[in-house]
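Here is how the chains run, residue by residue.
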Amino acid sequence: MIVVASSNGSIGIEAAIEILRQGGTAVAAVEAGIRLVEANPEDNSVGYNGYPNILGEVELDASIMNGRTLESGAVGALKGYLHAITLARQVMERLPHVLLVGEGASRFAAEMGHPPQPEMMLPDTRTVWADRLRPELGQAGLTDDDIAHIASRADLARWVELATDPERTKGTVNFIAQDKAGNICTGVSTSGWAWKYPGRLGDSPIIGAGNYADNRYGAAACTGMGEMAIRASTAHSLVFYLKMGLSLAEACERAMIDLRDLGGRFISVMNLVAIDKDGNHAGFSSVDGRTYIYQTPDMPECEELARTVVPIPPRWG
Ligand code: ASP
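About the criteria used
Residues numbered from 1 in each chain as written. Predicted model: local features only at pLDDT ≥ 70, side-chain atom pairs only at ≥ 80, totals over all residues. Heavy atoms only, no water. Helix = DSSP H or I, 4+ residues; strand = E, 2+ residues; numbered from the N terminus. Rg over C-alpha atoms; globule rule 2.2 N^0.38 Å. Contact = heavy atoms within 4.5 Å. Areas by Shrake-Rupley, 256 points an atom, 1.4 Å probe, with all protein chains shown as cover. Lys, Arg positive; Asp, Glu negative; His and termini not counted. Charge placed at Lys NZ, Arg CZ, Asp CG, Glu CD. Buried < 20%, exposed > 50% of the residue type's maximum accessible area, 1.4 Å probe, protein only. Pairing = 2+ DSSP bridges. Core = buried A, V, L, I, M, F, W, Y, C linked by side-chain atoms within 4.5 Å. Right-handed = clockwise from strand over helix to strand, strands pointing away. 1 Å grid on protein atoms, 1.4 Å probe; cavity = no way out; pocket = protein on both sides within 12 Å on 5 of 7 lines; lining within 4 Å. Points joined across faces, edges and corners; volume = space filled by probe spheres on them. Polar contact = N/O pair within 3.5 Å; in protein donor to acceptor, adjacent residues only side chain to side chain.

A. Molecular detail of the overall build of the protein chain. Summing up its helical and strand segments, the protein chain has 10 helices and 15 strands in all. A compact globule built from 317 residues should have a C-alpha radius of gyration of about 20 Å, and the protein chain, at 19 Å, falls within 12% of that. Projected onto its principal axes, the C-alpha coordinates of the protein chain cover approximately 60 × 45 × 35 Å. Taking contacts inside the protein chain between residues at least 6 apart in sequence as the whole, the part at least 24 apart equals 68%. Surface summary for the protein chain: the accessible area is close to 12,800 Å², and the carbon and sulfur share equals 51%. Placing the 27 positive and 39 negative side-chain charges of the protein chain at their respective mean positions leaves the two points 5 Å apart.

So this is what it looks like as structure tokens:
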């Protein structure tokens, strides 16, 4: 039994491992761990108080995958509800679908009895949102009033490119759990890329991109520039490399090299966590200094480990 997470999962990992200690399922452990991260206002990349899109609206993406059955559920661009991971689990368990987005996701949250959360940000975070736009838009002659009414503008694509800072504004939480029965589950939740174009989905709600689990081989989840993981099908590729007989370290490295080989104009940071079917774990990143955490039932607290670096030279524009 084990729980592995991105380092911002530290607030939830004890709850997750306790569920496994008590004989609970990997799915329950992943959901419980991620819910605590989603509720943490100090994390500006997941759930409540996440950085918003360019219109100042928090849009959440999440997914969950059950490695026993390969069933999965996901929500994207969810507005007005906090626990995207629970909703993703309900998509998996209550509907014949895998992915709900936007209004349909909110409608389903209401149907499932989730409490509405009309204000998803603290006032300070709203100020950060406006401060980020002001210099760029101000230079073009726009006023604070224009920023307040940015939703009515027809030139958002121009501004989203100006306002986006790939290094500063990203973040996501990954959880992978393996329970007593050997079943693996992966969960991912994020408020996505801040100041993003409305409706933009990253890798987090895309099964195979930011999240994949298969009991027979292992599991993987990503944080970083979601567009890259979508293009390279990173989480699925990593598990596929395990299926082809590569070791966990080799599979992670191969998945990172696939990302490094991507062409095009927009290449940034990518991080992944993974386990194999035997519960061995690994964390990889394209940059120095990134860590991940893991905990087993006998450990009183989680341990934080450095991620192995496979450099990916950034390109932007
Ligand atoms: N992967 C997330 C996304 O692209 C963001 C992140 O992890 O930094 O939405």
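B. Molecular detail of the pairing of strand E11 (residues 281-285). Within E11, four of the five residues are buried, which leaves it mostly tucked inside the rest of the structure. One ladder, built from five bridges, connects strand E10 (residues 270-276) with E11; its direction is antiparallel. The residue of E11 that forms the bridge with Ala-274 is Ala-282. Count of turn residues in the E10/E11 antiparallel hairpin: four residues, of which Gly-279 carries a positive phi of about 85°. Of the pairings in the sheet, the one linking E11 to strand E14 (residues 308-309) comprises two bridges and is parallel in character. Looking at the pairing, Ser-285 lines up with Val-309 of E14.

C. Geometry of the environment of Met-92. Mapped onto the elements of the fold, Met-92 is located in helix H3 (residues 84-94). Under the relative-accessibility criterion, Met-92 is labelled buried at 8%. The spacing of Met-92 and Glu-161 is 69 residues in sequence and 34 Å in space, taken between C-alpha atoms. Not counting residues within four places of it along the chain, the set of residues in contact with Met-92 comprises Val-27, Ile-64, Asn-66, Glu-71, Ser-72 and Gly-73.

D. Representation of the nonpolar core. Val-4, Met-228, Leu-238, Cys-252, Leu-259 and Leu-272 are the most contacted members of the largest nonpolar core, which totals 44 residues. Top element by residues in this core is helix H10 (residues 248-260). It accounts for seven residues. Residue contacts for Leu-238: discarding those within four places in its chain leaves Ala-220, Ala-251, Cys-252, Ala-255, Leu-272 and Ala-274. Counting residues in hydrophobic clusters, the runner-up holds 39 residues, among them Ala-29, Val-30, Ala-88 and Val-173.

E. Representation of the pairing of strand E3 (residues 71-78). Of all eight residues in E3, seven are buried, a share of seventy percent or more. Both strand E2 (residues 60-66) and E3 contribute to a ladder of six bridges, which runs antiparallel. For Ala-62, the partnering residue across the bridge sits in E3 and is Val-75. As consecutive antiparallel partners, E2 and E3 are separated by four residues, and within that stretch Leu-70 has a phi angle of approximately 65°, a positive value. Looking at chain direction, E3 and strand E4 (residues 99-101) are connected through three bridges and run parallel. Paired with Val-75 across the bridge in E4 is Leu-100. Handedness of the β-α-β unit built from E3, H3 and E4 comes out left-handed.

F. Quick peek at empty space enclosed by the protein. Tallied over the entire structure, the rule returns one cavity of 30 Å³ or more. Its boundaries defined by the atoms lining it, the largest cavity holds a volume of some 80 Å³. Lining the largest cavity are 12 residues, with Thr-172, Gly-192, Trp-193, Arg-200 and Gly-224 sitting closest to its centre.

G. Focus on the side chain of Thr-190. Position of Thr-190 relative to the elements: it lies in strand E6 (residues 184-190). According to the relative accessible area criterion, Thr-190 is buried, its value standing at 2%. A distance of 3.1 Å separates polar atoms of two side chains, one belonging to Thr-190 and the other to Thr-172. Within polar-contact distance, the side chain of Thr-190 engages the backbone nitrogen of Gly-192 at 2.7 Å. If near-sequence neighbours (up to four positions away) are discounted, Thr-190 is found in contact with Ser-45, Val-46, Glu-59, Leu-60, Asp-61, Gly-171, Thr-172 and Ser-204.

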